[in-house]
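# Structural characterization, general
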Amino acid sequence: MSRRRRALWSIFAVLLALSLGTGGVVAAWFAGWHIPLASGRTYMKVEKLSSAEGFATPTEPVFVLLVGTDLRPGVSGARADAVHVLAINPALGAGALIDIPRDTCVSIPGVGTRKVNEANTNGGLPLQAETLDNLMGTSIDYGVSVDFAGFQGLVDSVGGVEVNVPVAMDDPNSGAFLSPGSQRLNSAQALAFSRTRYDFPTGDIARTENQGLLILSAISQLQRENTSVASQFRLAATLGRHAQLDGVSVADAFRLGRLAYDIDPASIENVVIPIGGSPSCSGGLAVGSGAASLFADFADDGVLQSH
C-alpha cells in the first residue's frame, strides 16, 4: 500500500506553486483565513524555512525543497520517499531540478548517517532542508510537503497529466503498462509511471529521474492550459482547498506562483545526483564522486552551467 501512495507528490507541489500565483484571496485562505465552502482537508503544506529571507529582489535565485511522504493512517513517521530540490533563477530565466534517490546515504544532523528519507521522519521539512543544505551547499528557502490522501482525485480534477513516456513500461509491481511517447495519463497511470522501478536496470535512480520529468511536464502543461486569469483561479480554487501555508506571507506566495508561471520549463535541467561507490548506511546508496562539482555548480546560482 505504501508504494501506491508515494509517487505523485511532485505533481501537487507544482500545481500548488502555480495556484499560489493567481491572487491575494487564494493566498489568504492558504495562509489560514477561512472561506466558507473553500477549506478542505490539508493535503499539501508549504513552509518558509529558517534560511529564507524572502524575496529581497525579484532577480535572486529561489531554492524550493519538494518532498513526498508515505504518511498515512497506521504508519508512524513520515519518510520522504520522493526528494527533489527545484531552483529558479529569474535573472537568467533558467533553473535546475536536482533529484535525490530516497535511499541515498547522508549525514542527518542529530541523527547520524542514514538514508536521506529519514530526515523528514526525524524533523520534518526543516531537518530535511538542513540535511540537503549541508550536502549540497545550498540555502533552501521554502519546502513543500505532500502526503497522498486523495491524490488521484486531484490529478483527475485537472484532466490528467501529459508526459512523454521515455520507454515502454510493463511492470505488474507498480501497475505501469505504458507505451513510449507523449500521452495524457490519468491519476492511476501517472502514479504507476512515477513509482515503477523494475523496468530499469538502475531501479530507484531511474524512478527518481522520472519523477523529475513528471514535475517539469506538469509545469509545462499547466502553463499551457491555464493562460487566463479565470482558468488560473479555477485551478487555484480546486487545489487551494487542500493546501496550507506555514510562515509564508501572501507576498511570498504570490511571487512563488509567478516564478512558476514565468519560467520556461525547457530551461530547467532535470538531473539525478551521481551515485556510486560503497554506501555508508545499511541498504543505502552512496553519493558518487562527481557529486561535489554538481552541487557547487547548482548552489551558486541555481543553474547548471557545466553539467
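Per-chain numbering applies: the sequence of each chain, read as written, is numbered from 1 onward. The model is predicted, so local features are restricted to residues of pLDDT at least 70 and side-chain atom pairs to those at 80 or more, both for listing and for counting; the totals for chains, interfaces and linings are taken over all residues. Based on all heavy atoms of the structure, the side-chain values leave hydrogens and waters out of the count.

## A closer look at the nonpolar core
- In these notes, a set of buried Ala, Val, Leu, Ile, Met, Phe, Trp, Tyr and Cys residues joined through side-chain atoms within 4.5 Å is what counts as a nonpolar core. Whether a residue is buried, partly exposed or exposed follows from its accessible area with a 1.4 Å probe, protein chains only, as a fraction of its type maximum: under 20%, in between, or over 50%, in that order. Counting 28 residues, the largest nonpolar core has L65, V85, I98, I100, L132, I140 and F298 as its most contacted members.
- Mapped onto this core, the elements with two or more residues apiece are β2 (62–69), β3 (80–89), β4 (94–100), β5 (105–108), α3 (118–136) and α9 (291–301).
- The way it works is that DSSP assigns letters per residue, a run of H or I at least four long becomes a helix, a run of E at least two long becomes a strand, and they are numbered from the N terminus. Broken down by element, the residue count for this core peaks at 6 residues, all from α3.
- Any two residues whose heavy atoms approach within 4.5 Å at even a single point are treated as in contact. Ignoring any residue separated from it by four or fewer positions in sequence, one finds L132 in contact with L65, V83, V85, I100, V116, G137, T138 and I140.
- The next biggest cluster of nonpolar side chains, apart from the first, holds 21 residues, and it includes V46, V144, I219 and I268.

## Brief notes about α3
- An expected span of 1.5 Å times one less than the residue number is assigned to each helix. For α3, with 19 residues, the first-to-last C-alpha span of 17 Å runs short of the 27 Å given by 1.5 Å per residue.
- Burial in α3 covers these residues: A119, N120, L125, L127, Q128, A129, T131, L132, D133 and M136.
- Looking at the residues trailing α3, positive phi occurs at G137, about 80°.

## Some points on the pairing of β2
- In terms of burial, β2 is a largely internal element, 8 of the 8 residues being buried.
- The alternating pattern of β2 places V62, V64, L66 and G68 and F63, L65, V67 and T69 on opposite faces, both of which are buried.
- At least two bridges found by DSSP between two strands are what make those strands a pair. With 8 bridges joining them, β2 and β3 adopt antiparallel strand pairing. From the neighbouring strand, L66 faces β3, where its bridge partner is H84.
- The sheet contact formed by β2 and strand β7 (residues 142–146) spans 5 bridges and is parallel. Along β7, the bridge assignment pairs L65 with G143.

## Quick word on the side chain of T138
- Summarising the element assignment, T138 is placed in the loop between α3 and β7.
- For T138, a relative accessible area of 9% gives the class buried.
- Each polar contact in these results corresponds to two N or O atoms within 3.5 Å; when the atoms are within protein, one needs to be able to donate a hydrogen and the other to accept it, and residues that are neighboring in sequence are counted only if both atoms are side-chain atoms. A polar contact is formed between the side chain of T138 and the side chain of D133, at a distance of 2.8 Å.
- Residues contacting T138, with those up to four places away along its chain left out, are F63, L132, D133, F298 and A299.

## Quick look at the environment of V248
- By the secondary structure assignment, V248 is in the loop between β12 (243–246) and α8 (250–262).
- Classification of V248 as buried rests on a relative accessible area of 7%.
- The sequence separation of V248 and L49 amounts to 199 residues, and the corresponding C-alpha distance is 9.1 Å.
- In contact with V248, other than residues within four places in its own chain, are V46, E47, K48, Y142 and A253.

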